[in-house]
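Inside the fold
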Amino acid sequence: MRSTLRQLRGSRRRSRRNAPRAVRRSSTAQPSRQELGYGAGYEDGKRAGIESFETLFDGTSIIIPTYNQAKYLKACVESIGEHTDLPYEIIIVDNGSTDETAEYLKEIGSQVRYRILADNHGFAGAVNMGLMMAKGTTLLLLNNDTLVTDNWLDNMLACLNSETKIGMVGPVTNYISGDQQIDVPYTDIIDMHEFARRNNESNPARWIRTDRLTGFCLLFRRELLEKVGYLDEGFEVGNFEDDDYNIRVRLLGYSMVIAKDSFIHHFGSVSMKATGQQFESINERNMRFYMGKWGNPHELVHHVNEWRASHEEQSSSTPRPGGLTDFYPDHVFVKGVGETVYWLDNGKRRPLSGNTMLPVVRLSQLDMKRYPIGEPIEANDPGIWNAQSGAAGTLAANGDGIRYWVAAGTKRRIVTQDAAERWGLDRRHMQRFSDAQLSSLQDGLPIIAPVVLHQSL
């Protein structure tokens with residue numbers, strides 16, 4: 001491995017920014033024409049950047065979260081440059097590394113876009129920051145301890161773009177959990193590339209449907225991000241955030257595919273292994289968070305697919321036209337990145353005047369955009385008090401303790417206690433319903449817990 005890294009370093013194309021030299025002058029001197037021109041050019045560039053902020057490019061944003069392990073990051077970046085011919089940008093988010101990672105990012109300058117964080121925000125936090133920075137029409141999450149190979153991205157994109165119902169695509173590798181791991185014959189990185197060249201011959205017959213893709217390398221369209229949202233930062237440090245994202249993708253009716261004609265090398269959980277004895281406690285904590293959020297997620301997905309097949313005109317194999325907000329309740333308080341609190345009412349967000357004692361849930365800007373803005377509403381409005389008291393909706397429970405939100409003749413199962421608490425529904429007035437009463441109501445989509453989100457640009 002060391003010899004290979006030296007070879008990669010030797011072939012690296014270095015790029016440095018040329019900083020303008022400062023011009024010394026007295027405090028009473030008038031700005032020179034050069035300084036005036038430089039200032040005007042800077043303002044023009046700043047204005048153009050703001051105006052084009054939401055402009056996308058037809059290519060792939062490769063987002064790499066990293067924490068220490070600079071030598072792996074260097075090799076990963078260099079492998080992308082050597083084996084990727086399609087349009088792409090590299091976005092690196094450094095989680096407060098204490099090694100030479102920051103110096104390396106500053107050294108390679110314009111070859112990548114990067115953000116150096118002061119603290120470790122975990123895998124989900126760093127990825128979300130990268131997603132917010134990304135400008136590509138397709139998005140790819142990539143571990144820093146990987147080496148990509150010939151045709152890796154070409155074949156994954158071919159798979160993703162073959163059907164609109166495909167939500168995410170992942171490659172195969174030598175080291176990972178689940179069905180994406182394959183047996184490999186090589187023991188040296190040089191031999192690895194020869195094996196990858198033979199493996200990575202485009203072949204749609206080798207695209208395999210799956211219920212789980214691991215987060216070491218995930219490819220999806222921007223459209224999926226806008227519907228599913230960001231990674232859940234309730235999963236601290238790392239682990240299970242990819243499983244969580246898988247469930248949300250499947251709830252919207254998208255399928256996931258392993259592109260076996262795309263192989264990349266994975267050194268294997270380098271950042272997580274660096275946590276040492278903390279690894280087990282991190283994994284245990286995140287597993288509890290996952291189960292508390294979803295309960296039995298695979299049963300939930302099956303239930304939603306059945307609901308869609310019987311309630312919607314479109315086929316159950318077609319992705320939902322809406323987004324994950326379809327699984328959020330009405331009559332709750334939410335806010336985005338600003339201070340304005342909104343009351344969700346019949347699919348609209350109404351700006352609130354006054355204060356509320358109920359929880360206010362932070363939603364991402366992607367979620368907020370799905371709700372058109374309605375008329376402002378006062379905190380003492382009867383509509384709010386009716387909802388809280390049960391006049392506009394009821395928290396119902398059957399004999400087994402399963403809870404539902406009942407409104408307008410429709411019952412929506414509240415998936416877990418965590419979902420009830422996060423939305424503040426556990427504070428609402430609750431009534432006992434018989435099985436017969438519940439059976440007389442129409443079924444609506446279940447209510448799931450919102451994503452924990454701390455990041456914003």
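The next thing to look at is the overall build of the protein. A tally of helices and strands in the protein yields 16 helices and 20 strands. In the protein, which comprises 457 residues, the share counted as buried stands at 51%. A sequence separation of at least 24 residues applies to 77% of the contacts in the protein between residues at least 6 apart. Of the roughly 22,000 Å² of accessible surface on the protein, a fraction of 48% belongs to carbon and sulfur atoms.

On to the nonpolar core, then. If you look at the biggest cluster of nonpolar residues, it comprises 76 residues, and the most contacted ones within it are Leu131 and Phe220. Of all the elements, helix H5 (residues 122-133) adds the most residues to this core, at eight residues. What Leu131 contacts, discounting residues up to four positions off in sequence, is Ile63, Leu139, Leu141, Phe220, Leu225, Tyr230 and Leu231.

On to unusual backbone geometry, then. Positive phi, close to 65°, is recorded for Asn151, a residue that is not glycine. Secondary-structure assignment places Asn151 in the loop between strand S5 (146-147) and helix H6 (152-160). At Val237, a position not held by glycine, the phi torsion is positive, near 65°. For Val237, the position within the fold is in the loop between helix H8 (222-228) and helix H9 (241-251). A relative accessible area of 33% means that Val237 is categorised as partly exposed.

Right, let's talk about the packing of H9 against helix H11 (residues 278-294) for a bit. Orientation of H9 relative to H11, taken along the N-to-C sense of each, is 20°, at an axis distance of 11 Å. Judged on the interaxial angle alone, H11 and H9 are roughly parallel. Together, Asp243, Asp244, Ile247, Arg248 and Leu251 of H9 and Tyr290, Lys293 and Trp294 of H11 make up the contact between the two elements. Taken together, the residues of the contact of H9 with H11 sort by class into four nonpolar, no polar and four charged.

Considering all chains together, one arrives at ten aromatic pairs under this definition. Ring geometry for Tyr186 and Phe195: centres 5.9 Å apart, planes at 45°, overall tilted. Take Tyr186 and Phe195: they sit in the same class, and that class is buried. On the numbers, 4.9 Å between centres and 55° between planes, the contact of Tyr328 with Trp423 is tilted. Here Trp423 lies in helix H15 (residues 417-423) and Tyr328 lies in the loop between helix H12 (297-311) and strand S11 (333-335), a separation of 95 residues in the sequence. The exposure class assigned to Tyr328 is buried, which follows from its relative accessible area of 4%. Members of the aromatic cluster, each reached through a chain of ring pairs, are Phe235, Phe240, Phe289 and Tyr290. When the ring centre of Tyr342 is taken as reference, the NZ or CZ atom of Arg349 above it lies at 5.0 Å.

Okay, the sheet that holds strand S13 (residues 348-353) next. Read across the open sheet, the five strands follow the order S14-S11-S12-S13-S15; overall the sheet is mixed. With partners counted over all chains shown, the strands left at the sheet margins are strand S14 (360-362) and strand S15 (377-378), one partner each. Pairing analysis gives three bridges linking S11 to S14, with the strands arranged parallel. Considered in S14, the bridge of Phe333 is made with Val360.

With that settled, consider H6. Counting buried residues along H6, seven of its nine residues qualify, which places the element largely inside the surrounding structure. Regarding H6, the residues found buried are Trp152, Leu153, Asn155, Met156, Leu157, Cys159 and Leu160.

Okay, the packing of H9 against H12 next. At a minimum axis separation of 9 Å, H9 and H12 run at an interaxial angle of 15°. Regarding the angle of H9 to H12, the classification is roughly parallel. Viewed along their axes, H9 and H12 form a crossing whose handedness is right-handed. Counting all contacts with H9, which are made through Ile247, Arg250 and Leu251, the residues of H12 involved are Pro297, His298, Leu300, Val301, Val304, Asn305 and Arg308.

Turning our attention to the environment of Lys135. Relative to the assigned elements, Lys135 resides in the loop between H5 and strand S4 (136-142). With 79 residues separating them along the chain, Lys135 and Leu56 place their C-alpha atoms 4.8 Å apart.

Looking now at the pattern of salt bridges. Close approach of charged atoms allows side chains with opposite charge to pair. Evaluation of the coordinates by the stated rule reveals 15 salt bridges. With a closest N to O distance of 3.0 Å, Glu89 and Arg113 form a salt bridge. Linking Glu89 in strand S2 (residues 88-94) with Arg113 in strand S3 (residues 113-116), this pair joins segments that are 24 residues apart in sequence. Judged by relative accessible area, Glu89 falls into the buried class, the value being 12%. We classify Arg113 as partly exposed; its relative accessible area is 30%. Among the ionic pairs, Glu163 bridges to Arg209, the shortest N-O distance being 3.2 Å. Highlighted residues: Glu163 in the loop between H6 and strand S6 (166-172) and Arg209 in strand S7 (residues 207-210), separated in sequence by 46 residues. Relative accessible area serves as the criterion here: at 33%, Glu163 is assigned to the partly exposed category. Taken together, the shared-partner salt bridges in this structure form one network comprising Asp150, Glu194, Arg197 and Arg198.

Pairing is mixed in the open sheet, where five strands are placed in the order S19-S16-S17-S18-S20. With partners counted over all chains shown, the strands left at the sheet margins are strand S19 (430-432) and strand S20 (442-443), one partner each. As paired strands, strand S16 (residues 394-397) and strand S17 (residues 403-407) are joined by four bridges and run antiparallel to one another. Bridge assignment links Ala397 to a residue of S17, and that residue is Arg403.

For the protein, per-residue confidence averages 88 on the pLDDT scale, and 87% of positions sit at 70 or higher. For the stretch residues 1-25, pLDDT sits under 50, and the model shows 36 contacts to residues farther than four places along the chain or on other chains.

Reading guide: rules and limits
- Residues numbered from 1 in each chain as written.
- Predicted model: local features only at pLDDT ≥ 70, side-chain atom pairs only at ≥ 80, totals over all residues.
- Heavy atoms only, no water.
- Helix = DSSP H or I, 4+ residues; strand = E, 2+ residues; numbered from the N terminus.
- Buried < 20%, exposed > 50% of the residue type's maximum accessible area, 1.4 Å probe, protein only.
- Contact = heavy atoms within 4.5 Å.
- Areas by Shrake-Rupley, 256 points an atom, 1.4 Å probe, with all protein chains shown as cover.
- Core = buried A, V, L, I, M, F, W, Y, C linked by side-chain atoms within 4.5 Å.
- Axes fitted to C-alpha atoms, helices over the stretch in contact; angles between N-to-C directions.
- Parallel < 35°, antiparallel > 145°, perpendicular 65-115°, else oblique.
- Nonpolar A, V, L, I, M, F, W, Y, C, P; charged D, E, K, R; others polar.
- Phe/Tyr/Trp six-rings, centres within 6.5 Å; stacked < 30°, edge-to-face > 60°.
- Lys NZ or Arg CZ within 6 Å of the ring centre and 35° of its normal.
- Pairing = 2+ DSSP bridges.
- Left-handed = near helix turned anticlockwise from the far one by under 90°.
- Salt bridge = Lys/Arg side-chain N within 4 Å of Asp/Glu carboxyl O.
- pLDDT = per-residue confidence, 0-100.

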